[in-house]
Amino acid sequence: MSLNKAAELVDAGNDFILAGHEKPDGDALGSVLGLGKALASHGRNVMPCAFGGIADSLSFLPGFAGVHTVLPDRLPSGFTLLMLDCHETERLGEHGERLVEEAASLVILDHHLGEGFCSEYPGPCASVIDTRACSTAEICMRLIDVLGWKISSDMATCFYTAVLTDTGGFRYSNTSRRTFEIAGQLVDAGADPYHIALKCFESMSISKLKLLGLALETLELFFDGRVSVMLLTPDMFELCGARESDTEEFVSYARGIDSVEVAILVKEARAGMVSVSLRSKRFVNVAEIAARFGGGGHFNAAGFKITGNPVDIKQEVAALVGEYLKKSAQKNIS
Ligand SMILES: [Mn+2]
């Protein structure tokens, strides 16, 4: 089983570089820091990494100050790369290729739709991709369990944050009985739910809130109100003094409208560089739509990056989502 193979590779290694997807969210960074702490407490050398900018709201995570945002010239020889909350080299960000190339072995832990590249990887590799896991942290916890290691209070804070944020506060479709079980385990191990919820959901900067206000003003509805779209442009970021990482859950406001099945956030943080977030409520597989543009994600949450005019991109994506809605409606009837 791949989890045992992953545990073998982890057990055999001395030096580890841990990296999640670029612009890490609570799950990517929580997994990097939580698993990093587990390894460090078992005598391993660890280098937790995060590239492409980190949201300020995650700075309360234990070990945050030790995160590497750039890579040193020399990496530890023979290191094992732990690729977390993503399974493609490009998703690691600008240093991804170098990390994958220089690593002596590779372990991929993820819960996004798709396959890892272990079969093409020249060295020892294990990949555990489980789309039923609520978060990558859940898979990290399974790995730690197989290794027979304990979860410390700091690790519990990191993993609980990952579970809480990736389930949208236990609201999204990835929330199951198992989610509450592991949340309970993490509370037993020392995670403080109220403290973490305050940090994750009630610690917005005023510039972020102002940007949200501008984003909401751009809200448009299409296809009988079943598709909602918001648009962010560079001037809005500048006007509010907000950062790209401030927009993390803006799209959920567009999803939160009663009639909406699919919400789209089109974000141009720098001129011509557009990222699109897609969220669905029930039956539209937005990962499939994102894949049409070279992106990916989960059934109900996905995204992609693209260059071009955000208004054109907005129209194109909305039209495609409309087609999927039509197709799904036909399927429901037949
Ligand atoms: Mn995740």
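All chains use their own residue numbering, which begins from 1 and follows the written sequence. Thresholds applied to this predicted model are a pLDDT of at least 70 for local features of residues and 80 or more for the giving and counting of side-chain atom pairs; totals over whole chains, interfaces and linings are not thresholded and use all residues.

1. Points about the overall build of the protein
Then, in step 1: A count of helices and strands for the protein gives twelve helices and eleven strands.
Then, in step 2: Values of the radius of gyration come from C-alpha atoms, whereas the globule rule sets the reference at 2.2 Å times the count of residues to the power 0.38. Its C-alpha atoms give the protein a radius of gyration of 20 Å, within 12% of the compact-globule value 20 Å for 334 residues.
Then, in step 3: Projecting the C-alpha coordinates of the protein onto the three principal axes gives extents of approximately 55 × 45 × 40 Å.
Then, in step 4: Burial is judged by counting other C-beta atoms within 10 Å of a residue's own C-beta: 20 or more means buried, 12 or fewer means exposed, and anything between counts as partly exposed, with every C-beta placed from the backbone. The buried share of the protein, reckoned over its 334 residues, is 46%.
Then, in step 5: Residue pairs at least 24 apart in sequence account for 68% of intrachain contacts in the protein once pairs closer than 6 positions are excluded. Comment: elements are numbered from the N terminus, with helices defined as DSSP H or I runs of at least four residues and strands as E runs of at least two. A pair of residues counts as a contact when their C-beta atoms, built from backbone coordinates, are separated by no more than 7 Å.

2. Digging into the sheet that holds strand β4 (residues 105-110)
Then, in step 1: Taken together, five strands build an open sheet; the order of strands is β2-β1-β3-β4-β5 and the sheet is parallel. The sheet is open, and its two borders are formed by β2 (45-49) and β5 (125-129), each paired with just one other strand. The sheet shows a mean angle of 15° between the axes of neighbouring strands, direction not considered.
Then, in step 2: Between any two strands, at least two bridges found by DSSP are needed for them to pair. By the bridge criterion, five bridges tie strand β1 (residues 15-20) to β2 in an arrangement that is parallel. Opposite Leu 18, over in β2, you have Pro 48 as the bridge partner.
Then, in step 3: Sitting on the sheet, helix α1 (residues 2-12) is in contact with β3 (80-84), β4 and β5, with an inclination near 135° to β5.
Then, in step 4: Fitted lines through C-alpha atoms give the axes, limited to the stretch in contact for helices. The angle between two N-to-C directions lies from 0 to 180 degrees. Helix α2 (residues 26-40) rests against β1, β2 and β3 of the sheet, and its axis sits at about 165° to β1.

3. Examining the domain arrangement of the protein
Then, in step 1: For the domain bounds, the source is a domain assignment made automatically or taken from a database. Segmenting the protein into domains produces domain 1 (2-201) and domain 2 (206-333).
Then, in step 2: Centre-to-centre separation of domain 1 and domain 2, based on C-alpha positions: 27 Å.
Then, in step 3: Here the side of domain 1 that touches domain 2 is built from residues that sort into four nonpolar, five polar and two charged. Gly is placed with the polar residues, together with every amino acid not listed as nonpolar (Ala, Val, Leu, Ile, Met, Phe, Trp, Tyr, Cys and Pro) or charged (Asp, Glu, Lys and Arg).

4. Some details on the sheet that holds strand β9 (residues 273-280)
Whether parallel or antiparallel, the strands of a sheet pair through hydrogen bonds between backbone atoms.
Then, in step 1: Pairing is mixed in the open sheet, where six strands are placed in the order β6-β7-β8-β9-β11-β10. Each of the sheet's edge strands pairs with one partner strand only, and the pair in question is β6 (220-222) and β10 (296-297).
Then, in step 2: Here strand β7 (residues 227-232) runs beside strand β8 (residues 262-270); their pairing, made up of six bridges, is parallel. Along β8, the bridge assignment pairs Ser 228 with Ala 263.

5. Some thoughts on the environment of Asn 14
Then, in step 1: Residue placement: Asn 14 occurs in the loop between α1 and β1.
Then, in step 2: It is 7.2 Å that separates the C-alpha atoms of Asn 14 and Phe 79, two residues lying 65 residues apart in sequence.
Then, in step 3: Aside from chain neighbours lying at most four places away, what touches Asn 14 is Arg 44 and Asn 45.

6. With respect to the environment of Tyr 324
Then, in step 1: Note on placement: Tyr 324 falls in helix α12 (residues 310-333).
Then, in step 2: Look past the residues within four positions of Tyr 324 in its chain and what remains in contact with it is Val 284 and Ile 289.

7. Re unusual backbone geometry
Then, in step 1: The phi dihedral of Asp 85 is positive, around 60°, even though this residue is not glycine.
Then, in step 2: Secondary-structure assignment places Asp 85 in the loop between β3 and α3 (96-102).

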